[in-house]
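Okay, here's what each chain looks like letter by letter:
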Amino acid sequence: MICIKCGHKNPAGVNYCDSCGAILPKMTQAEMAPPAKVNERYMLLKDAGEKVRSGEWSVEEFISFLKNISAILSQKEQEIREIEIPSEAIAEFEEELNMGFSGIELYNQGISEMMLYAEDLNPEHLENGVEMIREGNERINEAMRINRENRRKLEEMYIDTSTLM
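Structure report, in brief. For every chain, the first residue of the written sequence is number 1, and numbering continues from 1 along that sequence. Restriction of local features to residues with pLDDT of at least 70 applies here, the model being predicted, together with a cutoff of 80 or more for giving and counting side-chain atom pairs; totals for whole chains, interfaces and linings are based on all residues. Hydrogen atoms and water are omitted, and side-chain values are computed over all heavy atoms in the structure.

**Overview of the overall build of the protein chain**
Rules: In this description a helix means any DSSP run of H or I spanning at least four residues, a strand means any run of E spanning at least two, and both kinds are numbered starting from the N terminus. Residue contacts follow a heavy-atom distance rule, with two residues in contact if any of their heavy atoms lie within 4.5 Å. Using a 1.4 Å probe, the Shrake-Rupley method yields the accessible areas, and only the shown protein chains count as cover for residues.
From N to C terminus, the protein chain includes six helices and zero strands. Secondary structure of the protein chain in N-to-C order comes out as α-α-α-α-α-α. In the protein chain, the share of contacts with a sequence separation of at least 24, taken over all contacts with a separation of at least 6, comes to 62%. Total accessible area computed for the protein chain in this model is approximately 9,800 Å², and 52% of it derives from carbon and sulfur atoms.

Structure, rendered in structure tokens:
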């Protein structure tokens with residue numbers, strides 16, 4: 001794990017930088033790199049809308065599913081918000097954070113919109129909700145792309161500075 005404060009390359013699984021003592025992000029690069037879970041969750045939500053619309057799922061099953069997914073996403077959001085970023089590095093991560101949190105907000109709005117289907121069985125709630133979630137999915141994937149790019153830059157800076165010594 002590369003320290004975002006000093007650029008030191010730390011072994012996997014450590015919580016603090018061996019060089020400067022800064023708190024390292026809780027998520028490993030491997031966990032952040034593949035957007036498969038984000039895309040998979042989008043497809044699950046889209047499929048759930050189709051299942052309730054077709055009658056394969058009851059409205060109660062659908063709402064239970066949405067509440068479960070919402071709880072998982074809330075936990076993930078809290079974990080992301082708890083990552084400590086040194087104040088001197090905030091500017092470098094601002095675009096990534098803004099993109100990621102706007103994606104999370106769209107996911108939450110989309111789930112809320114889909115839940116409205118239980119009140120009036122209007123399929124527009126499903127369509128609008130899935131569209132919001134799709135947009136949120138794209139933003140989260142973009143935030144993860146930015147994150148990988150930022151980490152690559154940090155690794156390059158570390159390599160460049162280590163060769164100067």
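**Quick word on helix H3 (residues 59-81)**
Residues separated by three or four positions in an α-helix point in the same direction, a consequence of the helix having 3.6 residues per turn. This is how it is decided: In this scheme, a helix's expected span is set at 1.5 Å multiplied by one less than its residue total. Relative accessible area decides the class of each residue, using a 1.4 Å probe on protein chains only: under 20% of the type maximum gives buried, over 50% gives exposed, and in between gives partly exposed.
With 23 residues, H3 should cover 33 Å at 1.5 Å per step; its first-to-last C-alpha distance of 32 Å lies within 8% of that length. All of the buried residues along H3 are Phe62, Ile63, Phe65, Leu66, Ile69, Leu73 and Glu77.

**Some details on the environment of Tyr42**
By the element assignment, Tyr42 lies in helix H2 (residues 36-54). Tyr42 gets classed as buried once you look at its relative accessible area, which sits at 13%. Expressed as a C-alpha distance, the spacing of Tyr42 and Val130, which sit 88 residues apart in the sequence, is 8.0 Å.

**Observations concerning the packing of aromatic side chains**
Filter applied, for reference: Whether two aromatic rings pair depends on their centres lying within 6.5 Å, for rings of Phe, Tyr and Trp, where Trp uses its six-membered ring; planes under 30 degrees apart make the pair stacked, over 60 edge-to-face, and the rest tilted. Here, over-ring charges are defined by two tests on the NZ atom of lysine or the CZ atom of arginine: distance to the ring centre within 6 Å, and angle to the ring normal within 35 degrees.
Using the criterion set out here, one finds two aromatic pairs in the structure. The aromatic ring of Phe101 is capped on one face by Arg81, whose charged end is 3.9 Å from the ring centroid.

**A word on the environment of Lys46**
Examined against the element boundaries, Lys46 turns out to sit in helix H2. In the structure, Lys46 is positioned 85 residues away from Glu131 in sequence and 9.1 Å away in space, judged by C-alpha atoms.

**Quick word on unusual backbone geometry**
The backbone of Leu121 shows a phi angle near 55°, a positive value even though the residue is not glycine. Here Leu121 is to be found in the loop between helix H5 (117-120) and helix H6 (123-164).

**Things to note about the side chain of Arg41**
In this structure, Arg41 sits in helix H2. If we ignore the near neighbours within four places in the chain, the residues touching Arg41 are Ile69, Ile72, Leu73 and Tyr107.

**Some remarks on the nonpolar core**
Heads up, the rule is: What is meant by a nonpolar core is a set of buried Ala, Val, Leu, Ile, Met, Phe, Trp, Tyr and Cys residues, joined one to another through side-chain atoms within 4.5 Å.
By size, the foremost hydrophobic cluster in this structure holds 22 residues, and its most contacted members are Leu45, Phe62, Leu66 and Tyr107. Sorting the residues of this core by element identifies H2, H3, helix H4 (90-115) and H6 as the ones contributing at least two each. Broken down by element, this core gets its largest block of residues, six residues, from H3. Excluding residues that lie within four positions of it along the chain, Tyr107 makes contacts with Val38, Arg41, Tyr42, Leu45, Leu73, Ile133, Gly136, Asn137 and Ile140.

None of the figures reported here should be taken as evidence of function without further support.
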